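# What the coordinates show
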Amino acid sequence: MKLTARIPVSVALLVLLGTATGCDKLKARDQLNKGVAAFKNARYDEAVSDFQNAIKLDPDYENAKLYLATAYSYQVVPALMDPANLALAQKALDGFNAVLAKDPNDLTALKQIASIDRNINKFDEAKDYEKKVISLDPNDAEAYYTIGFIDWYTAYHKNAQVILAADGLTDDGVGNVKMTKGACAKMQAANTDVVNEGLQYLQKAIDINPTFDDAMTYMQLMYRRKADLECGNDAARKADLAQTDMWMAKAMGARKENELKKEQKLGGGVTMN
């Protein structure tokens, strides 16, 4: 048997395989582009199908995997804890975690996981991922703001409302001076650290972005929670409420400034004939 006769056949097979593989990659790119177009038009089910097809054609297509996870994440309804919504969230988390398995510093995946965790009320996990984002990008104002928001949510919804209800009260927004000493002690134990952390992170967000009106809004809300902690120190409570008024005014001013900039930007893009 002449073995040399097999060499050209082997080469031919490799060429055909390479051509098929190259063809699949082109088809995968086409599927990705179709998926992106569907995604931009909020046709998420269609986008998911296109991205899945792209991955089938090219199993190493990392962009397609990232887009697929993103398409799942956009279908997650915040705070809806039914099985179908949680299953969608898990598909998105699985996709982004697969990206992180290859690149633990992928900022897009880290931010998306933080967002999904927040949307399904996994607040501690969301904070952990936002802190990872900050470690990689110390100037990400949104990450600082998100941690501050989660701290406020925890201080108010999980702690203050529960403690006040047990004391027969509802939040009055100005320090809740009618709390019993026992309730105020519980409030201090539950909220001192989380309020201080929230104020710190919100301030950092504003330092980075001086017109961050949402961060300013939560600063004033957080100072209301700080007022709860003064427990009979009326001067301190009033000082906290003065901070609340100041941040409310700053938030309104920043919001007007941001809206004006948007209007000017839109106006600057119009060409008069």
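Let me sum up the structure you'll find in this document. (Residues numbered from 1 in each chain as written. Predicted model: local features only at pLDDT ≥ 70, side-chain atom pairs only at ≥ 80, totals over all residues. Heavy atoms only, no water.)

## Some thoughts on the pattern of salt bridges
Basically, it comes down to this: In what follows, salt bridge is the name for a side-chain nitrogen of Lys or Arg lying within 4 Å of a carboxyl oxygen of Asp or Glu. To qualify as a helix, a DSSP run of H or I must reach at least 4 residues; to qualify as a strand, a run of E must reach at least 2; elements of each kind are numbered from the N terminus.
Per the counting criterion, the structure on display carries 18 salt bridges. When the shortest N-O distance is used, the salt bridge between Asp 171 and Arg 225 registers 2.9 Å. Here Asp 171 is found in the loop between α7 (141–166) and α8 (181–208), whereas its partner Arg 225 is found in helix α9 (residues 213–227), with 54 residues between them in sequence. The partner of Asp 234 in a salt bridge is Lys 238, and the shortest N-O contact between them spans 3.4 Å. You can see Asp 234 and its partner Lys 238 sitting in helix α10 (residues 234–268), four residues apart, about one turn around the helix.

## Considerations on the packing of aromatic side chains
Geometry of an aromatic ring pair is reported as the spacing of the ring centres plus the angle between the planes. The test is simple: Each Phe, Tyr or Trp ring, with Trp reduced to its six-membered ring, pairs with another whose centre is within 6.5 Å; inter-plane angles below 30 degrees give stacked pairs, above 60 give edge-to-face pairs, and intermediate values give tilted ones. The classification of residues rests on relative accessible area computed with a 1.4 Å probe and restricted to protein chains. Under 20% of the type maximum is buried, over 50% is exposed, and intermediate values are partly exposed.
Evaluated as defined, the whole model comprises 13 aromatic pairs. Taking 6.1 Å as the distance between ring centres and 65 degrees as the angle between the ring planes, the aromatic pair formed by Tyr 145 and Tyr 218 counts as edge-to-face. With Tyr 145 in helix α7 and Tyr 218 in helix α9, the pair connects residues that are 73 residues apart, well separated along the chain. Grouping residues by exposure puts Tyr 145 and Tyr 218 together as buried. Between Trp 152 and Tyr 156, the aromatic rings sit 5.5 Å apart at their centres with planes inclined by 20 degrees, giving stacked as the arrangement.

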